[in-house]
Amino acid sequence: MNIAFSPCPNDTFVFYAWVHGKIEGAPPLNVTYADIDKTNYWAIEQSGPEVMKISYAALPYVLDHYQLIPSGGALGRGCGPLVLTKEAQSVESLEGKTVAVPSDRSTAYLLFRLWTEQQLTNNEITIKVMPFEKIMPAVKEGQVDAGLVIHEARFTYHEYNLHLLQDLGEWWEQDTGAPIPLGAIIAKRSLNKQQLTDWATASVEYAWNAQEETTSYVMDHAQELSRDVAAQHIDLYVNEFTKQLGEQGYEAIENLLGRAMKQGLVPSFDLTKIRN
């Protein structure tokens, strides 16, 4: 079976057991390591592997051809994207400014646009898409007025002497009471959803029970992260929602994408397909 997920520690941790043949009955995996921005577009274009990790923000574009697998993804609390600036400033000062984002088809981007719609009068912002590892240097050097950062940047932005303007996860949780939908596991609709769910769940459980065993694989793909930062990354993004979305997880996804659809940030789609 072909699968694509990022080389980030949470993804390699989650799929370690399945990739290494530790899950009884699960087919061998042929892995493509790709940034989520690439898998988003592969899913939209129907050009990628039959199983992929994408952003929940891309889900409305692909549900006719792919189904959501309720295990193996990333959804949680205290793990939202951050809006960073070079100096301390007010939210209102973003009006008319340029903000760097890692993708315009990401949950981080949806959260940012929902937040600015609520906070700003005119909501006139110029968006500049750039690789996420270049965003903090660009903010520090004044190439952009603010940056939206994800992943391990929440642990390292202090190294750039940047100011935290807003933790969008904190805003979302205060505004809705819901956890944040980040990364989704999808599979072509021709595949058996229950089997895939069972295999992904077993892989998560194996990793939790054998964390030291996963270390070499995780660090081989950790993009020069220290072991401590990689461990923080896993602790933050791998949780009970990763094992099983559950009712609370599904409701959070429907809340986010329903609000985004009403504001025209994603195309209109049938919300019932999230569960079906």
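Residues numbered from 1 in each chain as written. Predicted model: local features only at pLDDT ≥ 70, side-chain atom pairs only at ≥ 80, totals over all residues. Heavy atoms only, no water.

### A short note on helix α9 (residues 211–220)
Within the sequence span of α9, burial applies to Thr214, Thr215, Tyr217 and Val218. Contact partners of the buried residues in α9: β1 (2–5), α1 (9–19), β2 (30–33), α8 (193–209) and α10 (227–237). (Buried < 20%, exposed > 50% of the residue type's maximum accessible area, 1.4 Å probe, protein only. Helix = DSSP H or I, 4+ residues; strand = E, 2+ residues; numbered from the N terminus. Contact = heavy atoms within 4.5 Å.)

### Digging into the packing of aromatic side chains
Applying the stated criterion to the full structure yields eight aromatic pairs. Geometrically, the ring pair formed by Tyr16 and Tyr217 is tilted, given 5.9 Å between the ring centres and 50° between the ring planes. With a gap of 201 residues between them, Tyr16 in helix α1 and Tyr217 in helix α9 connect regions that are remote in the sequence. Given a relative accessible area of 7%, Tyr16 falls into the buried group. We classify Tyr217 as buried; its relative accessible area is 9%. Positioned above the aromatic ring of Tyr61, the side-chain terminus of Arg105 is 4.3 Å from the ring centre. (Phe/Tyr/Trp six-rings, centres within 6.5 Å; stacked < 30°, edge-to-face > 60°. Lys NZ or Arg CZ within 6 Å of the ring centre and 35° of its normal.)

### Section: the sheet that holds strand β6 (residues 98–101)
In spatial order, the strands read β7-β6-β8-β5-β9; together these five strands make up an open sheet with mixed pairing. Two strands in the sheet have a free side with no partner beyond their single neighbour: β7 (126–129) and β9 (163–167). The average angle at which neighbouring strand axes cross in this sheet is 25°, direction not considered. Two elements, strand β5 (residues 82–85) and strand β8 (residues 146–149), share three bridges in a ladder whose sense is antiparallel. Considered in β8, the bridge of Leu84 is made with Gly147. Those strands touched by helix α7 (residues 168–176) are β5, β8 and β9, and its axis lies near 30° from that of β9. (Pairing = 2+ DSSP bridges. Axes fitted to C-alpha atoms, helices over the stretch in contact; angles between N-to-C directions.)

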